[in-house]
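Single-letter residue listing:
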Amino acid sequence: MPAELADWPASTLSEAQLGDLELLTSGAFAPLRGFMDAAEVTAVTEHGTLADGTPWPVPVILDVPAGAVPADATRLVLQDLEGSPLAVLSITERAPISPGSGDSGLVRLAGPVTPLREPEHGPFRQLRRRPGDVRDELAGGSPGGNVLAYATRRPLNRRHIGQLRHYAGQLNARLLVLPLVCGPAEIVTRPEALVRAVLAARQHLPAGTLVVPVPLAPRGAGTDVDLRAQGIVAAAYGATHLLADPSDVTGSPAGTKNGTLTLPGVPIPVVSAGEWAYDPRSEVWRPLALIEPGAEQDELTASELGALLDSGAEVPGWLAPPNVARELRRARPPRAERGLAIFFTGLSGSGKSTIARGLAEALTERGDRTVSLLDGDHVRRLLSAGLTFSRADRDLNIARIGYVAAEVARHGGIAICAPIAPYAEARAAARRMVTEVGDFLLVYVSTPVDVCAARDRKGLYAKARAGLIAGFTGVSDPYEEPRDADLVLDTSVMTRQEAVDAVLKLLTTGGWLVGPDEKAEAGGAAATAVSRGGEGRDGSAAVLRVGPFGPAVRRL
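Residues numbered from 1 in each chain as written. Predicted model: local features only at pLDDT ≥ 70, side-chain atom pairs only at ≥ 80, totals over all residues. Heavy atoms only, no water.

**A few points about the overall build of the protein**
Of regular secondary structure, the protein possesses 16 helices and 23 strands. Restricting the contact set of the protein to residue pairs at least 6 apart, pairs at least 24 apart contribute 70%. Accessible area for the protein stands at about 25,200 Å²; split by element, carbon and sulfur atoms hold 52% of it. (Helix = DSSP H or I, 4+ residues; strand = E, 2+ residues; numbered from the N terminus. Contact = heavy atoms within 4.5 Å. Areas by Shrake-Rupley, 256 points an atom, 1.4 Å probe, with all protein chains shown as cover.)

**With respect to the side chain of Ser350**
Secondary-structure assignment places Ser350 in the loop between β17 (340–345) and α9 (352–366). Residue Ser350 is classed as buried on the basis of its relative accessible area of 0%. Ignoring anything within four residues of it in the chain, the contact list for Ser350 reads Val445, Thr447, Cys452, Arg455 and Thr491. (Buried < 20%, exposed > 50% of the residue type's maximum accessible area, 1.4 Å probe, protein only.)

**Regarding the packing of aromatic side chains**
On inspection of all chains with the given rule, the structure shows eight aromatic pairs. With centroids separated by 5.9 Å and ring planes inclined at 50 degrees, the aromatic side chains of Tyr278 and Trp285 adopt a geometry described as tilted. In this pair, the class of Tyr278 matches that of Trp285, namely buried. Arranged with centres 5.7 Å apart and planes meeting at 25 degrees, the rings of Tyr278 and Trp318 form a pair that is stacked. A residue pair is termed long-range when its members are at least 10 positions apart, and Tyr278 in strand β15 (residues 276–279) and Trp318 in the loop between α7 (302–311) and α8 (322–331) qualify at 40 residues. According to the relative accessible area criterion, Tyr278 is buried, its value standing at 12%. The ring of Tyr423 carries Arg391 above its face, with NZ or CZ at 3.7 Å from the centroid. When the ring centre of Tyr479 is taken as origin, the NZ or CZ atom of Arg427, which lies over that ring, is 5.7 Å away. (Phe/Tyr/Trp six-rings, centres within 6.5 Å; stacked < 30°, edge-to-face > 60°. Lys NZ or Arg CZ within 6 Å of the ring centre and 35° of its normal.)

**Side note on the nonpolar core**
Counting 57 residues, the largest nonpolar core has Phe29, Trp56, Leu78, Leu89 and Leu176 as its most contacted members. With six residues, helix α6 (residues 224–236) is the single largest residue contributor to this core. Excluding its chain neighbours within four sequence positions, the residues that come into contact with Leu89 are Phe35, Leu62, Thr74, Arg75, Leu76, Leu78, Leu109, Ala110, Gly111, Pro112 and Val113. By size, the runner-up hydrophobic cluster in this structure holds 42 residues, among which are Leu164, Ala173, Ala200 and Leu205. (Core = buried A, V, L, I, M, F, W, Y, C linked by side-chain atoms within 4.5 Å.)

**As for empty space enclosed by the protein**
Taken as a whole and assessed by the stated rule, the structure comprises one cavity of 30 Å³ or more. In this structure, the largest cavity spans a volume of roughly 60 Å³. Of the residues that constitute the lining of the largest cavity, the class distribution is eight nonpolar, one polar and one charged. (1 Å grid on protein atoms, 1.4 Å probe; cavity = no way out; pocket = protein on both sides within 12 Å on 5 of 7 lines; lining within 4 Å. Points joined across faces, edges and corners; volume = space filled by probe spheres on them. Nonpolar A, V, L, I, M, F, W, Y, C, P; charged D, E, K, R; others polar.)

**Focus on the packing of helix α5 (residues 191–202) against α8**
In contact at an axis separation of 8 Å, α5 and α8 are set at 170 degrees when each is read in the N-to-C sense. By the angle between their directions, the pair α5 and α8 is classed as roughly antiparallel. Contacts between α5 and α8 pair Ala193, Arg196, Ala197, Ala200 and Ala201 from the former with Asn323, Val324, Glu327, Arg330 and Ala331 from the latter. Split by residue class, the contact of α5 with α8 holds six nonpolar, one polar and three charged. (Axes fitted to C-alpha atoms, helices over the stretch in contact; angles between N-to-C directions. Parallel < 35°, antiparallel > 145°, perpendicular 65-115°, else oblique.)

**Regarding a positive patch on the surface**
Judged by side-chain charge, Arg357, Arg381, Arg457 and Lys458 come together as a positively charged surface patch. With respect to the helices, strands and loops of the structure, Arg381 is situated in helix α10 (residues 376–381). For Arg381, a relative accessible area of 57% corresponds to the exposed category. (Patch = residues over 30% accessible without salt bridge, like charges linked within 9 Å, V, L, I, M, F, W, Y side chains within 5 Å. Salt bridge = Lys/Arg side-chain N within 4 Å of Asp/Glu carboxyl O. Lys, Arg positive; Asp, Glu negative; His and termini not counted. Charge placed at Lys NZ, Arg CZ, Asp CG, Glu CD.)

**Some points on unusual backbone geometry**
Leaving glycine out, the prevailing phi sign among residues is negative, and the prevailing peptide bond configuration is trans. Residue Pro31 is bonded to the preceding Ala30 through a cis peptide linkage, with omega at 15 degrees. Here the phi dihedral of Ile187 falls at roughly 70 degrees; this positive angle occurs in a residue that is not glycine. Relative to the helices and strands, Ile187 is located in the loop between β9 (173–179) and α5. For Ile187, a relative accessible area of 8% translates into the label buried. The backbone of Thr189 sits at a positive phi, close to 70 degrees, despite the residue not being glycine. As for its position among the elements, Thr189 is in the loop between β9 and α5.

**Some remarks on the confidence of the model for the protein**
Averaged over all residues, the pLDDT of the protein is 87; the fraction at 70 or higher stands at 88%. Between residues 251–258, whose pLDDT stays under 50, and residues either more than four places distant or in other chains, the model counts nine contacts. Note on residues 522–556: pLDDT is under 50 here. Beyond four places in sequence and across chains, it has 69 contacts. (pLDDT = per-residue confidence, 0-100.)

**Re the pattern of salt bridges**
Scanning the entire structure with this criterion turns up 29 salt bridges. Between Arg190 and Glu192 there is a salt bridge, with its nearest N and O atoms 3.2 Å apart. You can call Arg190 partly exposed: its relative accessible area is 25%. Arg335 is the partner of Asp310 in a salt bridge, and the nearest nitrogen-oxygen pair spans 3.9 Å. Taken as a pair, Asp310 in helix α7 and Arg335 in the loop between α8 and β17 lie far apart in primary sequence, 25 residues in all. Note on Asp310: relative accessible area 11%, which makes it buried. With relative accessibility at 11%, the residue Arg335 sits in the buried group. By sharing partners, the salt bridges in this structure join Asp310, Arg332, Arg335, Arg338 and Asp439 into a single network.

Given below as structure tokens:
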């Protein structure tokens, strides 16, 4: 470590930024050695090349809070979420890119990076190999041979397995599967679940298939930009060909010529997987043209498969091998067994704490799962003691509640939260934390402010309106009404029990609360819907809106 390291400013990178940094320092983004300046970003955006004319598909940039980088700083320590320094950025360019005063804005930094240490990987760290090591193994195992790569954010099913075996055989190629573990995975959400599912599928692929997780952040899913970014990484790991789903290859996308990606170094031919379907008569997946018209079985979409898993129904054998299906069920258990956060928001005095307590009591009586109640006042006394009512401290309070709720959900429990949570951005951050490990329902208690003030036994509204309390939500501080609420309640027109019953109805309709008989019935219905080819497979749940907005139903 440089002796001056402690004197340099530091910035903690996001997941996507950490992924880009690892790809830069490992050589997967060669010939790049750092984050792009404005000239290179313009060249990439307008011409698909670096400033020197080298083909390159995507900008690789670094945006950090302005407060993390003093104006006269020439170096910035880049650290992970635990504060471990991973690299040093030598700043060659600095430009503000977002509005804000002082430390509230963002700046875009450019310059070369010098690695300090290898990143600390979590699960499956033994699979997170450097590109050069993988290239050497592939070259040593098959001198001069082809390597067919497939990059994926979705677990492999029988179609993927059949296509990989088919095209690897045609090319006489070794297989390289690259689970993309930066950003959410389709269906299973978590990157470690994606890797487990891919490893399960590897048992059905040719011997010698390599699985290497890669921290490539999404660059426009389903677009040729994302495909070309995958091509850059695949080539760095030794691929000679890249398999792509038909949706990823539309005509001749920018950056390709005659089906070949123009990349730094050796061009990579793109193998389009073509249209495949399941042939129930032969009980195999094959090209659609080889199946008698009308006899084919289409693959389930991600939302259809998600709905099937949510219901607890069995994954059809024609869709996934049993060991892959087991990993899918582990990663996405039925809603009735999945961790859940029920997040109430509303003005002080709206009734959210009363409803939350009633709901906690009702769920405790049922005994389905453990229940944790995180009421706003209780949290303020313990978890968030010492915080003020400034915007920053309000957001931190919600972040702490969201973190605890996520931990409850991670272990299969139900967290009931009842803060005021006046700001949409903070509520969205809490939702993101929880949905990485479980489900999240937002309940907006929309009781009018005048009703809330009339109920106020502490006289807080009167003091706020008299100017004795500053920054009081609903009087001198804003409340941003949710536009993404899963349930809306108004306690001025309903009793406490009616409100609790409305939440219980939402949980029952959505499948989070079911009895053994109902569970079996729901699973059978989902399986029947799948066999009929799509009716009722969108996984939506009816959400009841109650109160002055009038009765209505929207889909969750």
